[in-house]
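Tertiary structure, described
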Amino acid sequence: MISQAFDVLVLTVYDEQDRILIISQIDVIQDLSDLKNLNLKIIKIQGNLHLQINGELTNIGNTSIVFELFFLCPLENGIRCKIIKPQGQEIQFNPYYNSILGFIDFSFYIQRTDKLIDVFNKMKTQFKIQHPYEGMNEFKQQEMNQFTNNIQNSWNELNSINEFLILELNEGLKRKACIKQMIIDGQEMVNELKKEIDLLNQFKKQNQDKNVDENNILQIISLKTSHQDQLIEIDAKIKSIRDTLRLIQHNFQNNHINFFELNQFTKNLAKEEFDAHLLLKKCLNQQLE
């Protein structure tokens, strides 16, 4: 094999010193018992001819590996190493490796100063630690099962989050409908209050010689009228209704009542205030007659 290697190296880009180093390394490994089918040939890389070594390492656990080595140029760059997928075998690459390329690059585990004997030892050691083929390492299978379980758990968690978001969306749609109804009811209340303001303005015009508002209305009315007690009660009721409205608004802002309760309370109190204003107007008209 030394003569064959020498003949091959003569055709390459390696200088004489490099050829001596390469041949010395080949000489060291040629008698290894677990090295089979060793073959040297020339390959072209980026236009330059390099030496390539193909072979097989046997008795590695329960299997063997087909490898490919070639010396980089200049030689100080080291040796590149990769394990070839066996031809004609129904063995698939482990998903952790690139099965499309058809090989696994072991150059990462090799130092540039390593000799061929060290390269083979590292290849065998690393191959036992990280089996590149399925079904050859129970630990890797456990890792794959754990990875699958993690995906399943993540999917279940994502599905739970999705269901929660759907519930939140439904609740949001309900709140939106409730707010829309409150806006309608609020507009009705605003219209009723506008009517009350118009009535109050009309009353003021009829009593322009007096400074009339809701705070001094009782002072304008004679205390000797037959409607005195009723007017006082109506005025007190109106003020209590407005105090209650402010309290309800405060409770709503602090989340003590919900939208539906706010809507019902406000609507009922507004109706009571409107009725009280009508009764007050009726009493005033009777008083002024």
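Now for a quick tour of the structure.

Definitions and cut-offs
- Residues numbered from 1 in each chain as written.
- Predicted model: local features only at pLDDT ≥ 70, side-chain atom pairs only at ≥ 80, totals over all residues.
- Heavy atoms only, no water.
- Helix = DSSP H or I, 4+ residues; strand = E, 2+ residues; numbered from the N terminus.
- Buried < 20%, exposed > 50% of the residue type's maximum accessible area, 1.4 Å probe, protein only.
- Contact = heavy atoms within 4.5 Å.
- Patch = residues over 30% accessible without salt bridge, like charges linked within 9 Å, V, L, I, M, F, W, Y side chains within 5 Å.
- Areas by Shrake-Rupley, 256 points an atom, 1.4 Å probe, with all protein chains shown as cover.
- Salt bridge = Lys/Arg side-chain N within 4 Å of Asp/Glu carboxyl O.
- Pairing = 2+ DSSP bridges.
- Core = buried A, V, L, I, M, F, W, Y, C linked by side-chain atoms within 4.5 Å.
- Arc of directions from axis to C-beta.
- Axes fitted to C-alpha atoms, helices over the stretch in contact; angles between N-to-C directions.

Now for the side chain of Gln126. By the element assignment, Gln126 lies in helix α3 (residues 116-129). The class of Gln126 is buried, set by a relative accessible area of 13%. Here Gln126 is in contact with Phe106 and Tyr109, once residues within four sequence places are set aside.

Now for a nonpolar patch on the surface. Residues Phe6, Val10 and Leu11 make up a contiguous nonpolar surface patch of roughly 300 Å² in combined accessible area. Note that Phe6 resides in helix α1 (residues 2-10).

All right, on to the pairing of strand β1 (residues 35-45) then. Each regular strand shows side chains that alternate between the opposite faces of the sheet. Bridge count between β1 and strand β2 (residues 48-60): nine bridges; the pairing is antiparallel. Bridged to Lys41 within β2 is Gln52. Once β1 ends, the chain turns through two residues before running back antiparallel as β2, passing Gln46 with a positive phi of about 50°.

Here we come to the nonpolar core. The nonpolar side chains of a soluble globular protein tend to be buried, and buried together. Membership of the largest hydrophobic core comes to 30 residues, with the highest contact counts inside it found for Leu51, Leu69, Phe71 and Met123. With five residues, the single largest contributor to this core is α3. Not counting residues within four places of it along the chain, the set of residues in contact with Met123 comprises Leu57, Ile65, Phe67, Leu69, Cys81, Ile83 and Phe106.

Here the focus is the environment of Asn59. By secondary structure assignment, the location of Asn59 is in strand β2. Look at Asn59 and you get exposed, because its relative accessible area is 68%. Once the C-alpha coordinates of Asn59 and Asp34 are considered, the two residues, 25 residues apart in sequence, prove to be 6.5 Å apart.

Turning to α1, a few remarks are in order. Among the residues making up α1, those that are buried are Ala5, Val8 and Leu9. The buried residues of α1 occupy an angular sector of 95° when projected down its axis, which confines them to one face. Looking at the buried residues of α1, the elements they touch are α2 (16-29), β1 and β2.

It is worth spelling out unusual backbone geometry at this point. Note that the residue after Cys73, namely Pro74, is joined by a cis bond; omega there is 5°. Checked against the element boundaries, Pro74 lands in the loop between β3 (63-71) and β4 (79-84). A positive phi angle, close to 55°, is found at Asn37, a residue other than glycine. Position of Asn37 relative to the elements: it lies in strand β1. Asn37 sits in the exposed class, given a relative accessible area of 61%.

The next thing to look at is the sheet that holds β4. Strand order across the open sheet formed by five strands is β1-β2-β3-β4-β5, with antiparallel pairing between neighbours. With partners counted over all chains shown, the strands left at the sheet margins are β1 and β5 (103-105), one partner each. In this sheet, adjacent strand axes meet at a mean angle of 25° when their direction is disregarded. Contacting β1 and β2, α1 runs over the sheet at an angle of about 10° to β1. On top of the sheet, α3 reaches β1, β2, β3 and β4; it is set at about 140° to β3, its chief contact.

Moving on to the pattern of salt bridges. As enumerated under the stated definition, the model contains five salt bridges in all. Notably, a salt bridge pairs Asp34 with Lys124, separated by 3.0 Å at the nearest N-O pair. Note that Asp34 is positioned in the loop between α2 and β1 and Lys124 in helix α3, a separation of 90 residues in sequence. By relative accessible area, which is 13% here, Asp34 ends up buried. For Glu68, the salt bridge is made with Lys82, and the minimal N-O distance between the two is 3.2 Å. In this pair, Glu68 is assigned in strand β3 and Lys82 in strand β4, connecting sequence segments 14 residues apart. Here the two residues Glu68 and Lys82 agree in accessibility, since each one is buried.

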